[in-house]
2 protein chains.
Amino acid sequence: MIYFDHNATTPVLPEVFEAMRPYFCDEWGNPSSAYRFGSKLKTIVGMARGRVANLIGALPEEILFTSCATESNNAAIQSVLKSNPTKRHIITSAVEHSSVLNHCQALEKEGYRVTYLPVDRDGLLNIIDLENALNDQTAVVSLMWANNETGVLFPVEKIAEVCQSKGVPFHCDAVQAVGKVPIDVTRIHVDYLTISAHKIFGPKGVGALFIRRSVLFSPMLLGGHQENERRGGTENVPLLVGFGRAADLVRQEFSERVEKCLVSRDYLEKTILAHIPNTSINGCRDSRISTTSNIHFSGIDSDALVTFLDSRGICVSSGSACISNAIAPSHVILAMTGSIGKAKQSIRFSIAHATTHSEIDSVVKELQHAYQQLK
Amino acid sequence: MIYFDHNATTPVLPEVFEAMRPYFCDEWGNPSSAYRFGSKLKTIVGMARGRVANLIGALPEEILFTSCATESNNAAIQSVLKSNPTKRHIITSAVEHSSVLNHCQALEKEGYRVTYLPVDRDGLLNIIDLENALNDQTAVVSLMWANNETGVLFPVEKIAEVCQSKGVPFHCDAVQAVGKVPIDVTRIHVDYLTISAHKIFGPKGVGALFIRRSVLFSPMLLGGHQENERRGGTENVPLLVGFGRAADLVRQEFSERVEKCLVSRDYLEKTILAHIPNTSINGCRDSRISTTSNIHFSGIDSDALVTFLDSRGICVSSGSACISNAIAPSHVILAMTGSIGKAKQSIRFSIAHATTHSEIDSVVKELQHAYQQLK
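Residues numbered from 1 in each chain as written. Chains lettered and ligands numbered in written order. Predicted model: local features only at pLDDT ≥ 70, side-chain atom pairs only at ≥ 80, totals over all residues. Heavy atoms only, no water.

1. Considering the relation of the copies chain B and chain A
Each of the two chain copies can be brought onto the other by rotation about an axis and movement along it.
Reasoning step 1: Placing chain B over chain A gives an RMSD of 0.0 Å and needs a rotation angle of 180 degrees, together with 0.0 Å of translation along the axis. Overall, the copies show the geometry of a two-fold rotation axis. Proximity to the rotation axis, assessed at the C-alpha, singles out Ser-67 of chain B in chain B; its C-alpha lies 3.0 Å from the axis.
Reasoning step 2: A share of 100% of interface residues in chain B that are also interface residues in chain A marks the association as one of identical surfaces. (Least-squares fit on C-alpha atoms with pLDDT ≥ 70 in both. Contact = heavy atoms within 4.5 Å.)

2. Re the interface of chain B and chain A
Reasoning step 1: In this assembly, 65 residues from chain B lie in contact with 65 residues from chain A.
Reasoning step 2: Both faces considered, chain B and chain A share a buried interface measuring about 5300 Å² in area, 62% of it formed by carbon and sulfur atoms.
Reasoning step 3: The largest contributions to the chain B side of the interface with chain A come from Trp-28, Tyr-35 and Leu-222 of chain B, which together make up 14% of the buried area.
Reasoning step 4: Here chain B and chain A share two salt bridges between them.
Reasoning step 5: For Asp-310 of chain A, the salt bridge is made with Arg-36 of chain B, and the minimal N-O distance between the two is 3.4 Å.
Reasoning step 6: The interface formed by chain B and chain A holds 20 residue pairs in polar contact (both at pLDDT 80 or more) in total.
Reasoning step 7: Sorting the residues of the side of chain B that touches chain A by element identifies helix H1 (14-20), helix H2 (22-25), helix H3 (36-56), helix H4 (69-83), helix H5 (98-109), helix H9 (237-252) and helix H11 (302-311) of chain B as the ones contributing at least two each. (Buried area = accessible area lost by both parts, 1.4 Å probe. Salt bridge = Lys/Arg side-chain N within 4 Å of Asp/Glu carboxyl O. Polar contact = N/O pair within 3.5 Å; in protein donor to acceptor, adjacent residues only side chain to side chain. Helix = DSSP H or I, 4+ residues; strand = E, 2+ residues; numbered from the N terminus.)

3. Focus: helix H3 (residues 36-55) of chain A
One full turn of an α-helix is made of 3.6 residues, so residues set three or four places apart face in the same direction.
All names here are of chain A.
Reasoning step 1: Its 20 residues place the ends of H3 29 Å apart at the C-alpha level, agreeing with the 28 Å of an ideal helix rising 1.5 Å per residue.
Reasoning step 2: Looking at H3, one finds that the buried residues are Phe-37, Gly-38, Ser-39, Leu-41, Ile-44, Val-45, Ala-48, Arg-49, Gly-50, Val-52, Ala-53 and Leu-55.
Reasoning step 3: Backbone geometry just after H3 places Gly-57 at a positive phi near 75 degrees. (Expected span 1.5 Å × (residues − 1). Buried < 20%, exposed > 50% of the residue type's maximum accessible area, 1.4 Å probe, protein only.)

4. Considering the domain arrangement of chain A
One frequent convention defines the size of an interface as the accessible area lost when the parts assemble.
All names here are of chain A.
Reasoning step 1: Assigned domains within chain A: domain 1 (2-9 + 253-365) and domain 2 (14-252).
Reasoning step 2: Computed from C-alpha atoms alone, the centre-to-centre distance between domain 1 and domain 2 is 26 Å.
Reasoning step 3: On the side of domain 2, 33 residues touch domain 1, which itself brings 33 residues to the contact.
Reasoning step 4: Of all residues in domain 1, Phe-254, Ile-289 and Met-336 bury the most surface against domain 2, accounting for 22% of the area lost on that side. (Domains from an automatic or database assignment.)

Here you go:
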């Protein structure tokens with residue numbers, strides 16, 4: 001199998017699994033217990049929290065563990081809205097993940113007004129559009145750091161400056177940016193920032209929300225005193241430990257992983273463009289994460305191409321896994337190009353540091369076969 | 001170590017861990033992907049769903065996987081309130097878990113009226129109180145099946161009948177009842193029912209909410225199409241598999257486990273009452289789950305007793321782990337007896353099928369030492 005869909009999910013690294021293992025059947029106490037078999041696990045959870053915090057320059061107490069990035073994204077926006085019940089305007093973009101877009105659409109039904117900022121043909125956001133959209137009624141700005149389908153980066157530093165100058169909370173979905181671009185919350189003034197473990201070789205079922213110390217937080221899950229009164233529910237000790245280990249690894253190996261991905265991605269793109277007719281790259285070439293190539297195969301149906309490659313043991317996708325059950329064209333490519341055709345003829349390749357040139361050569365060979373068959 | 005706190009959490013059984021293991025580092029795809037490496041896991045998740053459904057007589061499509069029982073409890077109540085925005089009255093009891101009580105208290109601040117039904121000295125609920133509390137404004141009744149601190153059972157069958165006859169949705173927190181009393185949702189008309197994996201020898205970080213097929217559900221986590229459009233977020237495949245395996249085991253071994261627990265619990269209670277002066281059992285002796293004994297040690301501070309036993313390698317608790325960080329007396333014993341003294345001098349022993357008479361003898365011996373030291 002050749003797996004070029006790391007933006008959908010990543011394997012749990014063996015080191016991460018080994019770190020988690022003792023906490024299933026051996027050290028399985030409840031951290032909130034009064035006796036040591038349970039309470040000593042508070043320290044373990046605290047270490048995991050510190051490791052995740054380190055990855056983005058946060059303080060441990062600024063990290064709220066959640067069950068996934070969807071929960072983090074939902075919780076951040078809901079918290080801001082609860083804290084400012086009179087403000088009824090939300091700003092986001094047309095190319096966000098479904099956990100922001102579908103939440104915003106539901107909020108529109110509750111009477112909120114939502115501005116979906118457009119992107120240009122390259123997938124870039126114009127900061128002037130954000131400035132024009134902001135007003136006295138704006139409760140929150142929620143914009144992603146790196147797009148999950150194209151890898152295109154939003155100008156997060158400028159967005160944060162604009163939001164801070166207007167006193168509007170800024171939530172950033174950084175799920176696809178973490179481990180791929182440097183993130184330092186002491187340098188960039190986001191108020192809330194979402195991270196997921198299973199996109200950085202950690203386990204599924206655990207995410208985090210950075211909540212700046214100066215910011216109020218209104219919990220989404222109400223129950224026990226866990227997570228410093230900010231999320232009820234028994235701590236998922238093994239998965240938190242796994243998240244911490246994955247965060248440590250991605251931080252330690254950051255430069256090396258990024259460099260390897262850059263070389264592989266450039267080779268992948270160069271080879272595809274050279275060998276498959278009528279192909280082009282979707283998204284700004286200069287402002288992208290190192291792991292993601294979204295390529296337009298003109299005249300070739302992307303679902304047919306995904307199926308063809310699957311039959312040859314190659315995993316790629318025609319959009320986000322979170323919406324790939326739907327047959328709709330990619331909302332991201334549609335927002336960029338306005339072309340349903342292009343949105344239905346584009347494929348996302350998302351690689352990792354372990355990706356090899358030989359894997360890329362195999363993929364391009366199968367793409368050539370696919371082109372002959374599907375054109 | 002002797003662990004008599006299974007109501008706080010249970011170990012992951014080796015069979016459960018082995019069932020989960022392949023889904024971390026080998027079969028780690030995203031079930032929502034279009035290619036087989038991911039999509040074949042939909043079948044695996046479906047099998048886990050069927051196993052959890054089987055445990056309570058539900059249909060697989062009536063099981064929503066969540067991240068924990070707290071999420072299930074919160075989601076059930078929020079769903080009902082969203083579906084009936086004009087009804088502003090909630091009925092629950094004074095002895096519910098914090099994930100119901102704290103949620104209800106937060107809803108009171110939003111303008112909801114909440115009736116907290118009392119319990120008698122035995123921890124029992126009077127069905128007449130429920131009937132009297134129900135009115136045209138009642139949006140939902142949320143009552144637990146078995147109490148987490150005393151093990152006392154509520155008359156769920158009668159509660160369900162009353163609620164159904166009045167057309168009021170009934171949510172039941174069955175976390176501590178599952179695997180300990182027979183639960184069959186085809187026989188008892190609950191609309192929503194909460195289950196947790198880590199109380200039945202499955203992993204932490206995964207729960208379920210039974211949602212009767214005839215009932216509408218308004219999702220709490222908005223995102224992708226996962227969980228039949230009812231909960232966004234990438235499926236936590238390994239933990240769902242573990243939950244399914246744990247559910248299968250507890251179903252298969254139900255009678256045997258319950259019988260063993262009954263014998264152990266009766267021996268535990270008989271021995272404590274015989275050897276430790278001024279002890280009595282909190283909660284109705286005839287209507288309790290087989291695993292839980294809540295015992296009043298008159299004149300002995302429960303926190304001191306927990307600490308003493310901890311120093312001898314014995315794990316018990318003075319209340320729910322979800323509130324044991326707080327120094328407050330048990331709200332359950334307080335609601336039953338009205339006595340702060342009794343609420344601060346009671347200990348929960350929660351055993352399991354693997355508990356032995358020799359463990360019980362050791363605990364009673366240490367209780368005797370504790371009595372000498374702490375009386």
